[in-house]
Amino acid sequence: MKQMMARRASASVLLVGLVLSATPAGRAAAVPPSREAAPPPAGQDQQRAREAELQTSRDQDNGIDVGDPKVFDDAMLREMLQAAEAKLAALQLLDQQGVSSRIGAISGASQRISSFGLNVQGASLPGVTTTAKGPTATSVGTVNDTDADGTANNRTLQTTTTSGGVDRVTTSAQTNPPAVTAPAATTTLPSAFQTSASDMLNEQLQLTLEIANLRLLLEGALSDHIVKAGTEYRVKPRTTIGFPITIETKPRFKNAVAVVEAVVTLNQSKQISDGPDRPSITALLPREKTYNVAAITDSSSSVGGGVVTGVVGVSGSWLRGQRAHYLVQDQDTVALSFTPKTEGQVGVAWQFRPVLGRSYVRAGLKQTFVQLSFPTSGSADQFGTVSIRTYWLKYDQKNGTVGKLVGRSLAEREKPWPIARLPVNAKPAGFNANALQDLGGGQMLVTVQGQFVGGTYVRIGGTVLREGAVNATFENAGIRFVAPIADLATKNVALVSRDGSEQPLVIDFVSDTASTLPLQREVPVVLSSTVTAVDDANSLLTIEFAEKVDTRKPALVIVIGDRVFGYKDAPVLRSDRTMAVTVPTALLLANPTPTVKHLFGASERPAPVRGLNAFSRGERLVLLEQGNAQSTYLLHGYKLERIAVLEPAGVVVTHPGRPEDAGTLAEIRLTTAQLKGRKQLLLQRTAPDERPFLVTIPPGEARTPSAKARERVVVDADEAFFEIENLDDPVKVVWKAQILEAQRLDDKKTLRVFGLKAKGVTTHAAPQVFEFSSGAVKATGVLDIVNTRVETIPK
């Protein structure tokens, strides 16, 4: 068998040798001479050259690529930092209940156990087995049988029989080492452990101080925000720069740290500080990026043995072990800052380290940020420049230390990158009359075309329309919002960028497509503004201009107070040089100086109404004095210099007070006959084109005449006294168709009636009825006449 395998192996080797030696010769004989001498195609040479060039470039590249630094909106970063600081401020870690609950708590326990166990075991006693036997007898016999092949065979068989006798066998059991167990502990430790109250307080205080430290870090130092320029202090402009970093792992950078350094140089031509200064680092992101790693250490040793002798068996064991389990932080990214030797420079660096037991830095795109403040003017176009270099450093992962520079790993950007101030002002691409659509009901749809930075919003006075508002949409091509026309005309409208800068929203006056004439940018000069009464509540306001008014969009509007006239809800009558509108008189009197302007226009013209001043009021009668014969009223209004009462006729109008008050104050006297059954006066200003208007007469007080005798009189008395009300002089007194003499006393309320005895009024004791009259006003009074009168005089 071995010889056959050897022969097969030899044959195989010989076959392989023949194949290897015969193949080239066979191929050479089969290939024509022309094809054997042909050179490779030119395209293959170019491909190989490009591949060789690419390989050389990759070998020389250090695997760290930093893209162009990007300028980010600093306002957004400040908002995020302020939000983080606010959340930190909301953390309240000093807890009274938590500290008080730890008073008297068990912080630890100690238990020592000492026990010993011994087990000695001697040799076991032997066991005995007894077997009874009989006498022994032997017999011999012959047995005839046949073999398998049929041959006869005679054999002799001997049999032995034993009976009687005893055999004894002694056995001993197997001896093992004895088992021994030390006694277990009979005491137990407490199951609950807590830190002491003082330790809890210290821990809470440490966390509180750490939070305060982070809050101060997020808030930033004043020296990073304010710089002294001459005799005044100014706020430094700030900007946020982002660095897109791409790292590619390469075999030669095993156990190495990738480092990216950025050196920022101040634009000293725009420096506003007095002495030498440099940019300030206000924030580094990320400061560090870590991973929590579990480190486990476990070691144990155990020794055991046992001895057995012919007399005794002894056994024992010994165990010793140690185990530790703890968390450590494995740092992936570390941010550093350094100060270059050159004035006006500041440096930042980020280290990217291998983590989680790996030997190489994790490949991929990493984004880092730095927020800087510059002691330069906020209007500077360029704050400074930034230079970048990258390299690798040896890294001891066990100890976490950084070592020497890896050879041929340094790479530097050829030219510094400028840090420009990028304005984020929201400027519309085009805003003209076509962007306005009157929706009716005093609402306007406004379309602002353009592409705006995220966070841009519209401010209308104190109203802010941000993205997500019900009446506003923010699209890629612009912003649409709906707002009251009154707000658009009376309040400032602006586009506000995310940094807080505002751009007023003003109409771009373009030429009309149907005309080559440009629209009027300026509102024409106002010649006059007059008002005429329409009724008791409304007036017609007419504004005349010095030149022809352009009626193309955006048309002029009239603003009175918080009302706008000129759109669907409040139309205006327009002509070549005038604008007329019916307005509430109360609104016009409260705002005697209307304004003419374009909606979203930059210019406006005041149009003060002639004849209106601060004392002008709507026409209103006030009752000044009410009498039986006539009443006096005070008329408040405007343009009352030439006011006349058309109905009722014959009413006299005077102007009391100062001459300059004649236009706002007038006095009207009306007789009782003129007032009877009348509720309004028909007035008219005597100026041309003035319409008559009505003024309501205020109702007077109810006047009920009365006469009451002050006291009773005795028979044959000659005079009596009456208390009278609402009876004007002269007062006529009649008794039984006889006219009696009467005299009003100085108090104007008492009437003395005399000559009673001569007329026979007091001839006998009885009540007498008197009639009192003053014009058409009448009253009745009763006088009691008695025989005697007793008076009680108090002492």
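Please read these numbers as outputs of a predicted model, since none were measured by experiment.

A. Fine view of the overall build of the protein chain. When you go through the protein chain residue by residue, the secondary structure sums to ten helices and 49 strands. Out of the 795 residues in the protein chain, the part that is buried amounts to 32%. Considering only contacts within the protein chain whose residues lie at least 6 apart along the sequence, 68% involve residues at least 24 apart. With an accessible surface of roughly 49600 Å², the protein chain has 53% of that area assigned to carbon and sulfur atoms.

B. Just a nonpolar patch on the surface, in detail. On the surface, a cluster of nonpolar side chains totalling about 380 Å² of accessible area is made up of Leu94, Leu201, Leu205 and Leu209. Position of leucine 201 relative to the elements: it lies in helix α6 (residues 197-219). Overall, the relative accessible area of 42% leaves leucine 201 in the partly exposed class.

C. How the structure looks around the nonpolar core. One finds Phe243 and Trp392 to be the most contacted residues of the largest nonpolar core, which totals 30 residues. Of all the secondary structure elements, the ones that give two or more residues to this core are β1 (64-66), β8 (238-247), β9 (256-266), β13 (345-352), β14 (364-373), β15 (382-396) and β18 (417-420). When residues no more than four places from it in sequence are discounted, the contact partners of phenylalanine 243 are Val66, Pro69, Ala262, Trp350, Lys366, Gln367, Thr368, Val370, Val386 and Ile388. By size, the runner-up hydrophobic cluster in this structure holds 28 residues, among which are Leu488, Ala489, Val559 and Phe600.

D. Molecular detail of helix α4 (residues 74-89). Between the first and last C-alpha of α4 there are 22 Å, a value that for 16 residues agrees with the 22 Å anticipated at 1.5 Å per step. Here α4 has its buried residues at Asp74, Ala75, Leu77, Leu81, Glu85 and Leu88. Projection of α4 onto a plane perpendicular to its axis shows the buried side chains occupying an angular sector of 155°, all on one side.

E. How the structure looks around the packing of aromatic side chains. Applying the stated criterion across every chain yields a total of seven aromatic pairs. With centroids separated by 4.4 Å and ring planes inclined at 5°, the aromatic side chains of phenylalanine 253 and tryptophan 392 adopt a geometry described as stacked. Of the two residues, phenylalanine 253 is situated in the loop between β8 and β9 and tryptophan 392 in strand β15; the sequence distance between them amounts to 139 residues. Since its relative accessible area comes to 1%, tryptophan 392 is described here as buried. Over the ring of tyrosine 457 we find arginine 466; its NZ or CZ atom is 4.1 Å from the centre of that ring. The ring of tyrosine 638 carries the charged tip of arginine 685 above its face, separated from the ring centre by 4.3 Å.

F. Local environment of the sheet that holds strand β36 (residues 630-636). Here we have four strands laid out as an open sheet, ordered β35-β36-β39-β38, and antiparallel in their pairing. Of all strands in the sheet, those bounded by a partner on one side alone are β35 (620-626) and β38 (652-654). Sheet twist, expressed as the average angle between the axes of neighbouring strands with direction ignored, equals 30°. Sheet topology places β36 next to strand β39 (residues 665-671); seven bridges connect them, and they run antiparallel. If you follow glutamine 630 over to β39, its bridge partner there is threonine 671.

G. Seen up close, the pairing of strand β7 (residues 232-235). Sheet topology places strand β6 (residues 226-229) next to β7; four bridges connect them, and they run antiparallel. Counterpart to valine 227 in the pairing with β7 is arginine 234. Here β6 folds back onto β7 in antiparallel fashion, the turn holding two residues, of which glycine 230 has a positive phi close to 70°.

H. Region of the structure containing unusual backbone geometry. Cis peptide bonds are those with omega within 30 degrees of zero, and the linkage from leucine 285 to proline 286 qualifies with -10°. Secondary-structure assignment places proline 286 in the loop between β10 (280-285) and β11 (288-308). Here the bond from glutamate 647 into proline 648 is cis, since omega is 0°, no more than 30 degrees from zero. With respect to the helices, strands and loops of the structure, proline 648 is situated in the loop between β37 (643-647) and β38. Unlike most non-glycine residues, phenylalanine 600 shows phi in positive territory, near 65°. On the secondary structure map, phenylalanine 600 appears in the loop between β33 (595-598) and β34 (604-606). The phi angle at aspartate 716 is positive, at roughly 70°, despite the residue not being glycine. Inspection of the secondary structure assignment puts aspartate 716 in the loop between β43 (713-714) and β44 (719-725).

I. Broad picture of the environment of phenylalanine 754. On the secondary structure map, phenylalanine 754 appears in strand β47 (residues 750-754). Sequence separation between phenylalanine 754 and aspartate 718 is 36 residues, and the spatial gap between their C-alpha atoms is 5.8 Å. Residues in contact with phenylalanine 754, not counting those within four places in the same chain, are Asp718, Glu719, Glu741, Ala742 and Gln743.

Analysis parameters
Residues numbered from 1 in each chain as written. Predicted model: local features only at pLDDT ≥ 70, side-chain atom pairs only at ≥ 80, totals over all residues. Heavy atoms only, no water. Helix = DSSP H or I, 4+ residues; strand = E, 2+ residues; numbered from the N terminus. Buried < 20%, exposed > 50% of the residue type's maximum accessible area, 1.4 Å probe, protein only. Contact = heavy atoms within 4.5 Å. Areas by Shrake-Rupley, 256 points an atom, 1.4 Å probe, with all protein chains shown as cover. Patch = residues over 30% accessible without salt bridge, like charges linked within 9 Å, V, L, I, M, F, W, Y side chains within 5 Å. Salt bridge = Lys/Arg side-chain N within 4 Å of Asp/Glu carboxyl O. Core = buried A, V, L, I, M, F, W, Y, C linked by side-chain atoms within 4.5 Å. Expected span 1.5 Å × (residues − 1). Arc of directions from axis to C-beta. Phe/Tyr/Trp six-rings, centres within 6.5 Å; stacked < 30°, edge-to-face > 60°. Lys NZ or Arg CZ within 6 Å of the ring centre and 35° of its normal. Pairing = 2+ DSSP bridges. Axes fitted to C-alpha atoms, helices over the stretch in contact; angles between N-to-C directions.

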